[in-house]
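Residue-level listing of the chains:
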Amino acid sequence: YTPVNIITLQKEYLDMLRKVANETFRVLQDGRIVVLNIDDMLVKGEKFPITADATRIFLDAGFRYRDKIIWKKPDGYLRISRRSGVLLQNPYPMYFYPDNLLESIIIFQKGKFNYKSVSESIKKESEISKEEFLKNKWYMTLWEMTNVLPNAVLEKDIAAYPDELPYRFIKLFSHKGDIVLDPFAGSGTTMRVARMLGRNSIGIEIKKELSPIIKEKIGFGNNISLFNQNDSFYLYEREEIGYRNIC
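The following paragraphs examine the structure supplied in this document.

What counts as what
- Residues numbered from 1 in each chain as written.
- Predicted model: local features only at pLDDT ≥ 70, side-chain atom pairs only at ≥ 80, totals over all residues.
- Heavy atoms only, no water.
- 1 Å grid on protein atoms, 1.4 Å probe; cavity = no way out; pocket = protein on both sides within 12 Å on 5 of 7 lines; lining within 4 Å.
- Points joined across faces, edges and corners; volume = space filled by probe spheres on them.
- Helix = DSSP H or I, 4+ residues; strand = E, 2+ residues; numbered from the N terminus.
- Nonpolar A, V, L, I, M, F, W, Y, C, P; charged D, E, K, R; others polar.
- Salt bridge = Lys/Arg side-chain N within 4 Å of Asp/Glu carboxyl O.
- Buried < 20%, exposed > 50% of the residue type's maximum accessible area, 1.4 Å probe, protein only.

### Things to note about the layout of surface pockets
Estimated volume of the second largest pocket: approximately 410 Å³. If you go around the second largest pocket, you meet 18 residues; those closest to its centre are F113, Y115, L172, F173 and H175. Going through the elements one at a time, helix 4 (120-125) and helix 6 (164-173) are the ones with two or more residues in the lining of the second largest pocket. Element by element, the count of residues in the lining of the second largest pocket is highest for helix 6, at 3 residues. Tallied by class, residues from the lining of the second largest pocket come to 7 nonpolar, 5 polar and 6 charged.

Next comes the structure, spelled out in structure tokens:
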């Protein structure tokens, strides 16, 4: 990339994120949560503060800033890269460029949640295990989770993340029967976990070729026995005017 291309790429990404933030704010119910897994962008050795940019974008869209979780990957996940190895070749001040084992997970909220809007029966069905909460240290802002292995069968060429990530947030911020929206569906990880936890889901993905992967992953392919047989799956393709039901 040339410097001009990098700046253009950054602007296009932030413009897209701004549209997502505004539309998400429009469709979410009051009190509901947005979880954004994001991190600063490294392009040709140049770092861009995308996390700070994204925070400003969602605040401008009307959301409240609720919290931030740092996702730490295992120490062995990365080896010394060309970037961090510069200091080994030049062991002098100003040659320090660390490798990143962390990702930011920013939490936003649309207004305030009405806790009385949930029935006692639904609250009971959605109860969070205290043992799990304490054992896995969900109460901390630093979460250690192993990432998906590169080029896993259903994750090739996708910005994949482990089931554990959406699992925690779906448990912490939704109730049984709620709708989980994923505007970057990818291979369908969030939709899969939502179904496992008794939530409905809507996934949006611009890559049409991922449709069969999503269908397989969330349990409407060959692995249907893993899930509730009464669930339904609908696939719609966006056209110039309206949407077309594919299956």
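### Structural notes on the pattern of salt bridges
This model, assessed by the stated rule, comprises 12 salt bridges. For D178, the salt bridge is made with R32, and the minimal N-O distance between the two is 3.1 Å. Residue D178 is found in the loop between helix 6 and strand 7 (179-182), and its partner R32 is found in the loop between helix 1 (3-27) and strand 1 (33-38); the two are separated by 146 residues along the sequence. We classify D178 as buried; its relative accessible area is 18%. What makes R32 buried here is its relative accessible area of 17%. The partner of K73 in a salt bridge is E103, with the nearest N and O atoms 2.6 Å apart. Placement of the pair is K73 in the loop between strand 4 (64-72) and helix 3 (86-89) and E103 in strand 5 (residues 102-109), with a sequence separation of 30 residues. Assessed through its relative accessible area of 9%, K73 is described here as buried. Connected through shared salt-bridge partners, K11, D15 and R18 make up one network.

Any functional reading would require information beyond the geometric quantities listed.
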